[in-house]
Amino acid sequence: AQSVTQPDIHITVSEGASLELRCNYSYGATPYLFWYVQSPGQGLQLLLKYFSGDTLVQGIKGFEAEFKRSQSSFNLRKPSVHWSDAAEYFCAVGVRGGGNKLTFGTGTQLKVEL
Amino acid sequence: DTAVSQTPKYLVTQMGNDKSIKCEQNLGHDTMYWYKQDSKKFLKIMFSYNNKELIINETVPNRFSPKSPDKAHLNLHINSLELGDSAVYFCASSQKGVGEQYFGPGTRLTVT
């Protein structure tokens, strides 16, 4: 069965600083990988996805993520954080077939200091 | 235009009651899902339907019964509500095999 680990429960960065949120997955084959963002009281919004091909994927709001098969990682990055980026971030892994089930990490709460 | 919508947004009820949550998507997707997010923000899939057929049924008490009248709608009925059912329930949809899922705004269920 697949699993996702987000090692950082909370991260605080200053506005304008760079950001990297870590995600490690466990799955026997190449998975689908996703990052979602959840603002307080809101649903989940898809930031970006990786299915295959180029291992560096670009998403919305200036986010990018890099798939590293050797490290089983899919870390999310942003070069300059804005105060509006404060939210909960979830990494998720999906399997090919199997009903398109997504398994989520426990989330990383991002706080942005002005 | 809301892509995935849920009603109600908030639901407060007493233990032992029966309640339903409704979900509709206008994305033309053929697969819909229910997820539960607990108080620690952990998200776990409960069910998925593809074209009105149940595809995923995780280890969920049989007090929870999903129903899909057509591929644009997926409802969740919960019998004999318990305190532990308090959570946020999210509906999502996707095109089967594509992977990415689009989520609704959630329904916050509080059982007292």
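Scroll up to find the structure this text is about.
Since we're looking at a predicted model, the values are computed, not measured.

Colleague: What should I look at first to understand the overall build of chain A in this one?
Modeller: What chain A contains, in helices and strands, is 0 helices and 12 strands. For chain A, the succession of helices and strands along the chain, N to C, is β-β-β-β-β-β-β-β-β-β-β-β. For chain A, the C-alpha radius of gyration of 14 Å lies close to 13 Å, the compact-globule estimate for 114 residues. Seen along its three principal axes, the alpha-carbon backbone of chain A occupies a region of about 45 × 30 × 20 Å. Classification of the 114 residues of chain A by burial places 46% in the buried group.

Colleague: When you look at the packing of aromatic side chains in this model, what are you seeing that I'm missing?
Modeller: The geometry of an aromatic ring pair is captured by two quantities: the separation of the ring centres and the angle between the planes. Throughout the structure, instances matching the rule amount to 16 aromatic pairs over all chains. Plain terms: the ring middles of phenylalanine 34 of chain A and tyrosine 36 of chain A are 6.2 Å apart, the flat faces sit at 35° to each other, and that makes the pair tilted. Of the two residues examined, phenylalanine 34 of chain A and tyrosine 36 of chain A, each falls in the buried class. On the numbers, 6.3 Å between centres and 35° between planes, the contact of phenylalanine 64 of chain B with tyrosine 89 of chain B is tilted. Of this pair, phenylalanine 64 of chain B sits in strand E7 (residues 64–70) while tyrosine 89 of chain B sits in strand E9 (residues 87–94), placing them 25 residues apart in sequence.

Colleague: In this structure, what is going on with the interface of chain A and chain B? I would like to understand it.
Modeller: Much of the literature gives interface size as the accessible area that the parts lose upon coming together. At the junction of the two partners, chain A supplies 21 residues and chain B supplies 23 residues. Of all residues in chain A, the largest losses of buried area upon contact with chain B belong to Leu44, Asn100 and Phe104 of chain A, amounting jointly to 29% of the total for that side. There are 3 salt bridges connecting chain A and chain B. Measuring nitrogen to oxygen at the nearest pair gives 2.3 Å for the salt bridge that ties glutamate 100 of chain B to lysine 49 of chain A.

Colleague: Help me understand unusual backbone geometry in this model?
Modeller: Glycine aside, negative phi is the norm for most residues, and most peptide bonds take the trans geometry. A cis amide bond, omega -5°, links threonine 7 of chain B with the succeeding residue proline 8 of chain B. Along the chain, proline 8 of chain B falls in the loop between strand E1 (4–7) and strand E2 (10–13). With phi around 50°, serine 72 of chain A is a residue other than glycine that occupies positive phi space. Examined against the element boundaries, serine 72 of chain A turns out to sit in the loop between strand E8 (64–68) and strand E9 (73–78). With a phi angle near 45°, serine 80 of chain B is a residue other than glycine that sits in the positive phi range. With respect to the helices, strands and loops of the structure, serine 80 of chain B is situated in the loop between strand E8 (73–78) and E9.

Colleague: Please clarify how the sheet that holds E8 of chain B should be interpreted in this entry.
Modeller: In a beta sheet, neighbouring strands are held together by backbone hydrogen bonds and run either parallel or antiparallel to one another. All names here are of chain B. With respect to topology, 4 strands assemble into an open sheet ordered E1-E3-E8-E7, the strand pairing being antiparallel. A strand with exactly one partner marks an edge of an open sheet, and here the two such strands are E1 and E7. Between one strand axis and the next, the sheet turns by 20° as a mean value, whatever way the strands run. As judged from the 4 bridges shared by E1 and strand E3 (residues 19–25), these two strands associate in the antiparallel manner. Each residue of the ladder has a partner; that of threonine 7, found in E3, is lysine 22.

Colleague: Is there a simple way to think about the state of the cysteines in this case?
Modeller: Simply put, disulfide is the name for a covalent bond between the sulfur atoms of two cysteines. All names here are of chain A. Inspection of the entire model under this criterion finds 2 disulfides over all chains. Residue pairing for cysteine 23: its cysteine sulfur links by disulfide to cysteine 91, the two sulfurs lying 1.9 Å apart. On the sign convention where negative is left-handed, the bridge of cysteine 23 and cysteine 91, at about -65° about the S-S bond, is left-handed. Here cysteine 91 lies in strand E10 (residues 87–94) and cysteine 23 lies in the loop between strand E3 (19–21) and strand E4 (24–26), a separation of 68 residues in the sequence. Each of the two residues, cysteine 23 as well as cysteine 91, counts as buried.

Cut-offs and rules
Residues numbered from 1 in each chain as written. Chains lettered and ligands numbered in written order. Predicted model: local features only at pLDDT ≥ 70, side-chain atom pairs only at ≥ 80, totals over all residues. Heavy atoms only, no water. Helix = DSSP H or I, 4+ residues; strand = E, 2+ residues; numbered from the N terminus. Rg over C-alpha atoms; globule rule 2.2 N^0.38 Å. Buried < 20%, exposed > 50% of the residue type's maximum accessible area, 1.4 Å probe, protein only. Phe/Tyr/Trp six-rings, centres within 6.5 Å; stacked < 30°, edge-to-face > 60°. Contact = heavy atoms within 4.5 Å. Buried area = accessible area lost by both parts, 1.4 Å probe. Salt bridge = Lys/Arg side-chain N within 4 Å of Asp/Glu carboxyl O. Pairing = 2+ DSSP bridges. Axes fitted to C-alpha atoms, helices over the stretch in contact; angles between N-to-C directions. Disulfide = S-S within 2.5 Å.

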